[in-house]
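# A structural walkthrough
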Amino acid sequence: MRPHLPHRTQEALVRFFAGRRRLSADGEVVVGHHNSNHILPLGRPLAYLLGMDSGQMRANFRVPLETVEAVPRLWRESEVLRVVSERMDDVPRCLWDFGDWSVHAYVAGRSLSEETGREPVGEERITRLARFFARLADVPADALPPRPSDWPDSGDSQAFLHRLAAYTEHQVHRRNRPRFGALFKALEIPSGMVDDFLRSRPELTRRPFTLLHTDVHRSNVIVTPTEDGERLSVLDWELCLYGDPLHDLATHVVRMGYSDTERKLATERWAEAMERAGHTALTAGLDRDLDTYLGFEYVQSVFPDVMRAALALPDEPDTEDVVTAAHQVRRALHRAWEWLTPESDPVDEATAVRALREWHAMDSAARPVPEEDRKRPGGRRSRGGNGWCPGADQPRGVRRGLSTGRGPGPRPGPPTGTEPLESLESLERHVC
């Protein structure tokens, strides 16, 4: 039970104590594509303010990272979690959203990527994930946060796909051409390839829209042991959309890295779960239209995958760095070419290596290293965000992942909107 305090007072106190905890050297830091997550106990004052039973309860202090945006963002993550956590008990609650960062309940366990690596996921887990998507379809549309007035109407699957394609072309491709256009050209990425792909595909079947997660992959699925087996919990809800459920299925089977056998099984179990849950209409046109969404996922991924590979290069890349980036680039190109021009091959490795080296030299010349960065010890500088690779100058326990590397931000100031409090001890006396 939360304390009875004026809202502004409670918000200021929560921000103060949460900010102190977030910048603690204790705990574990997990850095992904979109967020830096500092995991550690709440502490007694913050637990009291949030109405938690114990200060030993662990929480996820979650800070967005500057990164390559590949898909539209429809809502704030906290808005979605407020809806789904009321209906799904294996979804982490957002304990407080400060706007620029947030605190979430921590889900104990190991990620599916840690459990399986790239090995098969297994029939039982695939079946449970299919049921997860059916439960998403149970969330009523009128319970979701408002959508833009020009968002496609439920059932207009073609308009939804074109909305995704327009975002890729305008917000991912064209928006990044000033910095990456020379690299795209050197890699012979065709202009207008997303539109070319759409023109090659038949019109989609109309299907009712549902809440979509759009990012269910192995690192976002947590496996928690239970007395009767295990529980699977899905994290990272910041990319949720309202749209055609086949898009969610396609992003899932691609990003999970399923084998052909498991991809077929996942699709079958998804359809079975939808039918059992009374959502048979969502499976209309499945066999034909899933291919369109799969192809779109591979084609639209070219731009973010190429940019991420380039941004991950350090200031002074060695041959291994550039070859690794070239392999990532060529993998993205090969997957897209199978849907665009299957009779031809993308650029070879030597061309990709040369393109990356030339882009890196040009980008380095255009982005001089600030004086304070030249003096900063530790870590190798990357090309994105404030220039530091995830893991540089991080608290101990960090797990590294790809991002452009914005750190956790400045230390928050004292509370506002309440009477002055002179010290941490006086704050603790105030709330305990």
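Residues numbered from 1 in each chain as written. Predicted model: local features only at pLDDT ≥ 70, side-chain atom pairs only at ≥ 80, totals over all residues. Heavy atoms only, no water.

### Side note on empty space enclosed by the protein
Regions of empty space are outlined by a rolling probe, equal in size to a water molecule, passed over the atoms. Definition in use: Computed over the protein atoms alone on a 1 Å grid, cavities are sets of points where a 1.4 Å probe fits but cannot get out and pockets are open sets with protein on both sides within 12 Å along at least five of seven lines; a residue lines them when it has an atom within 4 Å of a point. Grid points are joined across faces, edges and corners, and a volume is the space filled by probe spheres set on the points. Strands are runs of DSSP state E lasting at least two residues, helices are runs of H or I lasting at least four, and both sets are numbered from the N terminus onward. Residue polarity is assigned by list, with Asp, Glu, Lys and Arg as charged and Ala, Val, Leu, Ile, Met, Phe, Trp, Tyr, Cys and Pro as nonpolar; anything else, Gly included, falls into the polar class.
Under the counting rule described, the total for this entry stands at 4 cavities of 30 Å³ or more. Empty space within the largest cavity amounts to approximately 60 Å³. For the largest cavity, the full set of lining residues is Ala70, Val71, Pro72, Leu164, Tyr167, Thr168, His247, Thr251, Arg255, Phe296, Glu297 and Gln300. Looking at the lining of the largest cavity, the elements that each hand over two or more residues are α6 (157-186), α8 (245-255) and α10 (286-300). Here the residues of the lining of the largest cavity sort into 6 nonpolar, 4 polar and 2 charged.

### Digging into the pairing of strand β3 (residues 58-64)
Let me state the cut-off plainly: Only protein chains enter the accessibility calculation, which uses a 1.4 Å probe. A residue is then buried if its area is under 20% of the maximum for its type, exposed if over 50%, and partly exposed in between. Here, strands pair whenever DSSP counts at least two bridges between them.
Counting buried positions along β3 gives 5 out of 7 residues, so the element sits mostly inside the fold. Two elements, strand β2 (residues 35-41) and β3, share 7 bridges in a ladder whose sense is antiparallel. Within β3, the residue paired with Asn37 across the bridge is Arg62. By the bridge criterion, 4 bridges tie β3 to strand β5 (residues 102-105) in an arrangement that is antiparallel. In the sheet register, Arg62 faces β5, and the bridge partner there is Ser102.

### Let's talk about the sheet that holds strand β6 (residues 110-111)
The test is simple: When checking whether two residues touch, look at their non-hydrogen atoms; a contact exists if any pair is within 4.5 Å. Convention adopted: a line fitted to C-alpha atoms gives each axis, helices being fitted over their contacting stretch, and angles between N-to-C directions are expressed from 0 to 180 degrees.
Strand order in this open sheet of 3 strands is β6-β8-β9, and the pairing throughout is antiparallel. At either end of the open sheet lies a strand with only one pairing partner, and these are β6 and β9 (229-234). Bridge count between strand β8 (residues 221-226) and β9: 6 bridges; the pairing is antiparallel. Across the sheet, Ile222 pairs through a bridge with Ser233, a residue of β9. Along the sheet, helix α5 (residues 123-138) makes contact with β8 and β9, crossing β9 at roughly 45°.

### Observations concerning helix α11 (residues 302-311)
In terms of burial, α11 is largely enclosed, as 9 of its 10 residues are buried. Next to the buried residues of α11 lie α6, α7 (193-199), α10, α12 (319-340) and α13 (349-366).

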